[in-house]
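Listed below are the residues making up each chain.
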Amino acid sequence: MATASTTETPNLVRVNHHNAKTFAAALLTASGVSAKNAEITASGLVQADLRGVESHGILRLPSYLSRVRSGVLDPAAEPELKQITPVVAQIDARNGFGFPAAHLGMDTAIKMAGVYGIGMVSVKHSNHFGMSAWIVKQAVDADMMSLVFTNSSPALPVWGSKEKMMGVSPIACGAPGGKGEGSKPFILDMAPSVAARGKIYKALRRGEKIPTDWALDGEGKQTDDPAKALEGVMLPMGGPKGSALAIMMDVFSGVLSGSAFAGGVTGPYDMSKPGDVGHFFVAIKPDLFMSLDEFRERMDVLYQKAVDSEKMHGVDRIYFPGEIEQLNEEQRLKDGIPYAKAEIDALNAEAEKLGLGKIPLIE
Ligand SMILES: NC(=O)c1ccc[n+]([C@@H]2O[C@H](COP(=O)([O-])OP(=O)(O)OC[C@H]3O[C@@H](n4cnc5c(N)ncnc54)[C@H](O)[C@@H]3O)[C@@H](O)[C@H]2O)c1
């Protein structure tokens, strides 16, 4: 897993996950989000922090709330659901937060899959929903397999171009794990770039350098400076293959849904216009062709064979997709979530603007 190299260790503080969620929900409700939608959004953000995907955690709130204050994101919008066929539904997020629309989307897909074996939901006119894994987890917790796609604002060139066109749109999917001791669910959640753009913003906020294979600067040269990287383009993983996956996210999430596509999505740090993000969710019942127990036993075999396979030189342990993040979560549920002091200061400044108290720290 790629991480930003640190020139200077940021001053870290720790926060209990319950307090992080209560604080995030309070900022959202004070900004006009309903209690239910604030809870869903805060939960998605804190799950990212728990899993070690801090680039998509509560530190996103200042930019989200700036978009609310700029009038380009409607905090009070309620997603509208339309049943298209017994196994297909469409959601109009009506320019509200992406989290409630995504939660309703996966919940609807799960309910349809529970009856018919499969459920598919297309979401239009939405906004950024953070880390895709929380939506995959929603399906895993309901014993469902899932696909979770979204498009996002232009950051990545179509292979061969130096123009930002496709989003660094994560491709995510999952399946419930086995029943064996220590067996983990399969949770894949990856951006089609060498690194997610949120990690560049995080490095910028923390005053860190980035690996030179993450992005090109505005002149098309490799750079370790996050500010210069944000002026240029992200590099797709695997060259044309990563670029093709980004196009796939736009076909399924943008073209199909009726939302923006082909470079038309507005990013979460842009205060000028609505996001018009599209999402695409599928839930699949894993016991369509055998019992759930048999499916879980087979997942157990896959997990064990994968993590017990012969290690390459220099590797101490082999992980299943999503396992590193699950181990982070287990640790952080006990010890609290580490945040950079500067990020906490920015969140407290938001709370002050809204007349709320500071986020409580673990002493
Ligand atoms: N909503 C949006 O528009 C948006 C856009 C970009 C990224 N994101 C989010 O950013 C996050 C970060 O994406 P990323 O691509 O940088 O993730 P990443 O590179 O950290 O991880 C990608 C996948 O690889 C697996 N993995 C990583 N290291 C591994 C190892 N050593 N062994 C086995 N598996 C390993 C992870 O479990 C994960 O499933 C994601 O959660 C994504 O949803 C969201």
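The name given to the protein in an unreviewed UniProt entry is Malate/L-lactate dehydrogenase, with the source organism recorded as Neurospora tetrasperma. UniProt, in the comment section headed Sequence similarities (unreviewed entry), describes the protein in these words: "Belongs to the LDH2/MDH2 oxidoreductase family."

Visitor: So what exactly am I meant to see when it comes to the overall build of the protein here?
Guide: Helix and strand content of the protein: 11 helices and 13 strands. Scaling as 2.2 N^0.38, a compact globule of 363 residues should have a C-alpha radius of gyration of about 21 Å, and the protein matches this with 20 Å. If one aligns the C-alpha atoms of the protein with their principal axes, the spans along those axes are about 55 × 55 × 50 Å. The buried share among the 363 residues of the protein stands at 52%. Nonlocal contacts in the protein, meaning residues at least 24 apart in sequence, comprise 68% of its contacts between residues at least 6 apart. When the accessible surface of the protein is split by element, carbon and sulfur atoms take 56% of a total near 16,000 Å². Treating the 37 positive side-chain charges of the protein as one cloud and the 42 negative ones as another, the clouds have centres 2 Å apart.

Visitor: Just checking my understanding: could you explain the side chain of R332 for this structure?
Guide: With respect to the helices and strands, the residue R332 is situated in helix α10 (residues 323–335). Exposure remark for R332: the relative accessible area of 13% places this residue in the buried category. Engagement of the side chain of R332 in a polar contact is seen with the backbone oxygen of D49, the distance being 2.7 Å. The residues touching R332, leaving out its near neighbours within four places in the chain, are D49, L50, G52, E54, I337 and P338.

Visitor: How should I be thinking about the site of the ligand in this particular structure?
Guide: Around the ligand lies a shell of 22 residues, among which G130, D189, A191, G322 and E325 are the nearest. At 2.8 Å from an oxygen atom of the ligand is found a main-chain nitrogen or oxygen belonging to G322. One of the side-chain nitrogen or oxygen atoms of E325 is found 2.7 Å away from an oxygen atom of the ligand. Of all the secondary-structure elements, those providing two or more residues to the shell around the ligand are β9 (186–190) and α10.

Visitor: Sorry if this is basic, but what is going on with the sheet that holds strand β2 (residues 80–85) here?
Guide: Each strand in a sheet pairs with another by means of backbone hydrogen bonds, the pair being arranged parallel or else antiparallel. One open sheet accounts for seven strands, arranged β2-β3-β4-β12-β5-β8-β9; its pairing is mixed. Two strands close off the open sheet at either side, each with one partner strand: β2 and β9. Shown here is a sheet whose adjacent strand axes are inclined to one another by a mean of 15 degrees, direction ignored. Looking at chain direction, strand β3 (residues 88–92) and strand β4 (residues 118–126) are connected through five bridges and run parallel. From the neighbouring strand, A89 faces β4, where its bridge partner is V121.

Visitor: Sorry if this is basic, but what is going on with a nonpolar patch on the surface here?
Guide: On the surface, a nonpolar cluster with roughly 450 Å² of combined accessible area is contributed by V158, I247, V251, F252, V255 and F261. Position of V255 among the secondary structure elements: in helix α8 (residues 240–255). Looking at V255, the relative accessible area reads 47%, which means it is partly exposed.

Visitor: For this particular structure, what's the right way to read helix α3 (residues 61–69)?
Guide: Because the α-helix completes a turn every 3.6 residues, residues three or four places apart line up on one side. For α3, a buried count of seven out of nine residues is recorded, marking the element as mostly surrounded by other parts of the structure. Those residues of α3 that are buried are in contact with α1 (17–30), α2 (35–50), α4 (98–116) and α11 (341–353). Phi turns positive, to about 80 degrees, at G71, one or two residues after α3.

Visitor: I keep staring at the packing of aromatic side chains and nothing clicks. Help me out?
Guide: To describe a pair of aromatic rings, one takes the distance between the centres and the angle between the planes. Applying the stated criterion across every chain, the model contains 10 aromatic pairs. Seen from their ring centres, F149 and F252 are 5.7 Å apart, and the 90 degrees between their planes marks the pair as edge-to-face. Pair noted here: F149 is in strand β5 (residues 145–150) and F252 is in helix α8, with a separation of 103 residues, a long-range link. For F149, a relative accessible area of 5% corresponds to the buried category. Residue F252 is classed as partly exposed on the basis of its relative accessible area of 32%. Taken together, the ring pairs connect Y64, F97, F99 and W134 into an aromatic cluster.

Definitions and limits used
- Residues numbered from 1 in each chain as written.
- Predicted model: local features only at pLDDT ≥ 70, side-chain atom pairs only at ≥ 80, totals over all residues.
- Heavy atoms only, no water.
- UniProt positions renumbered as here; feature names shortened; annotations may be inferred.
- Helix = DSSP H or I, 4+ residues; strand = E, 2+ residues; numbered from the N terminus.
- Rg over C-alpha atoms; globule rule 2.2 N^0.38 Å.
- Buried < 20%, exposed > 50% of the residue type's maximum accessible area, 1.4 Å probe, protein only.
- Contact = heavy atoms within 4.5 Å.
- Areas by Shrake-Rupley, 256 points an atom, 1.4 Å probe, with all protein chains shown as cover.
- Lys, Arg positive; Asp, Glu negative; His and termini not counted.
- Charge placed at Lys NZ, Arg CZ, Asp CG, Glu CD.
- Polar contact = N/O pair within 3.5 Å; in protein donor to acceptor, adjacent residues only side chain to side chain.
- Near = heavy atom within 4 Å.
- Pairing = 2+ DSSP bridges.
- Axes fitted to C-alpha atoms, helices over the stretch in contact; angles between N-to-C directions.
- Patch = residues over 30% accessible without salt bridge, like charges linked within 9 Å, V, L, I, M, F, W, Y side chains within 5 Å.
- Salt bridge = Lys/Arg side-chain N within 4 Å of Asp/Glu carboxyl O.
- Phe/Tyr/Trp six-rings, centres within 6.5 Å; stacked < 30°, edge-to-face > 60°.

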